[in-house]
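Read off the chains here:
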Amino acid sequence: MTATDDVTESKILLAEYDRLKEEQKTRIGFRDNLLYFTLAAATAIVAITVQSGQPQLLLSIPAICLILGWTYLVNDEKISAIGRYVRDRLGPRLGGLTSAHSAVFGWETYHRNVAGRTVRKRLQTAVDLFAYLVLPMVCTTAFWCSPAVQPLLLLASLGQTLALAVLGWQFLRRREHA
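For clarity, every value in this text was computed on a predicted model and none was experimentally measured.

## Looking at the overall build of the protein chain
Helix and strand counts for the protein chain come out as five helices and zero strands. In the protein chain, the succession of α and β elements from N to C terminus is α-α-α-α-α. In summary, the protein chain has a C-alpha radius of gyration of 22 Å against a globular reference of 16 Å for 178 residues, an excess of more than 25%. Taken over 178 residues, the protein chain has a buried fraction of 33%. Summarising the internal contacts of the protein chain: among those between residues at least 6 apart in sequence, 76% fall at separations of at least 24. Accessible area for the protein chain stands at about 10,900 Å²; split by element, carbon and sulfur atoms hold 65% of it.

## Structural notes on helix α1 (residues 9–52)
The end-to-end C-alpha distance of α1 is 63 Å, a good match for the 64 Å that 44 residues give at a rise of 1.5 Å each. For α1, the elements touching its buried residues are α2 (60–98), α3 (107–110) and α4 (117–144). Two residues or fewer past α1, Gly53 is found with a positive phi of approximately 70 degrees.

## Focus: the packing of α1 against α4
Direction vectors running N to C along α1 and α4 enclose 25 degrees, while the axes themselves pass 11 Å from each other. If you check the angle between α1 and α4, you find them roughly parallel. For the pair α1 and α4, the crossing hand works out as left-handed. The segment α1 lies against α4, with Leu34, Leu35, Thr38, Leu39, Ala42 and Val46 engaging Gln124, Val127, Ala131, Tyr132, Leu135 and Cys139. Of the residues in the contact of α1 with α4, the class split is ten nonpolar, two polar and no charged.

## A short note on the nonpolar core
One finds Leu34, Ile61, Tyr72, Tyr132, Leu167 and Phe171 to be the most contacted residues of the largest nonpolar core, which totals 20 residues. Taken together, the elements giving at least two residues each to this core come down to α1, α2, α4 and α5 (151–177). In this structure, Tyr17, Val86, Leu90 and Leu94 belong to the second largest nonpolar core, which totals eight residues.

## Focus on the packing of α1 against α2
One way to put it is that α1 packs onto α2 with a least axis distance of 9 Å and a crossing angle of 165 degrees. Here α1 lies roughly antiparallel to α2, going by the angle between them. Along this stretch, α1 crosses α2, giving a crossing that reads as left-handed. Split by residue class, the contact of α1 with α2 holds 24 nonpolar, eight polar and eight charged.

Reading guide: rules and limits
- Residues numbered from 1 in each chain as written.
- Predicted model: local features only at pLDDT ≥ 70, side-chain atom pairs only at ≥ 80, totals over all residues.
- Heavy atoms only, no water.
- Helix = DSSP H or I, 4+ residues; strand = E, 2+ residues; numbered from the N terminus.
- Rg over C-alpha atoms; globule rule 2.2 N^0.38 Å.
- Buried < 20%, exposed > 50% of the residue type's maximum accessible area, 1.4 Å probe, protein only.
- Contact = heavy atoms within 4.5 Å.
- Areas by Shrake-Rupley, 256 points an atom, 1.4 Å probe, with all protein chains shown as cover.
- Expected span 1.5 Å × (residues − 1).
- Axes fitted to C-alpha atoms, helices over the stretch in contact; angles between N-to-C directions.
- Parallel < 35°, antiparallel > 145°, perpendicular 65-115°, else oblique.
- Left-handed = near helix turned anticlockwise from the far one by under 90°.
- Nonpolar A, V, L, I, M, F, W, Y, C, P; charged D, E, K, R; others polar.
- Core = buried A, V, L, I, M, F, W, Y, C linked by side-chain atoms within 4.5 Å.

This is the structure:
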């Protein structure tokens, strides 16, 4: 018996499932930590701004939120894509090979139909929008109301505001497809 005699399509699909779930777990941890890091970074910058009396430092918060918010969205999309792939492709293929009478990897569908999921998704979107859109816009507005406004900084802040609007739209658009 050779090593290839022990390899079956079912085993390959189960190995793929294990790897995908590991990647999904890693991405979930990374995504969730991005939110904590964003809030910690913004808090630190606000504290430094208050201590130094330099309101232009507040403009670093929108930049941080744009970068980390986009990274958060990309990871969230990959997490969802893995779930869709397992539900729509991998599960049915494995089910066909095993002649299963019910859905293979049932959790992938079951957890999407639990009571309150829609409310939780909306609340999570509100938290995401607060962290990645409202918080940086409050900082931008505080900068605009300060005496530190200069033409180049004002132009930079307007560009950031436009980019934040795009990011906010992406968060809302993403919520509709999740």
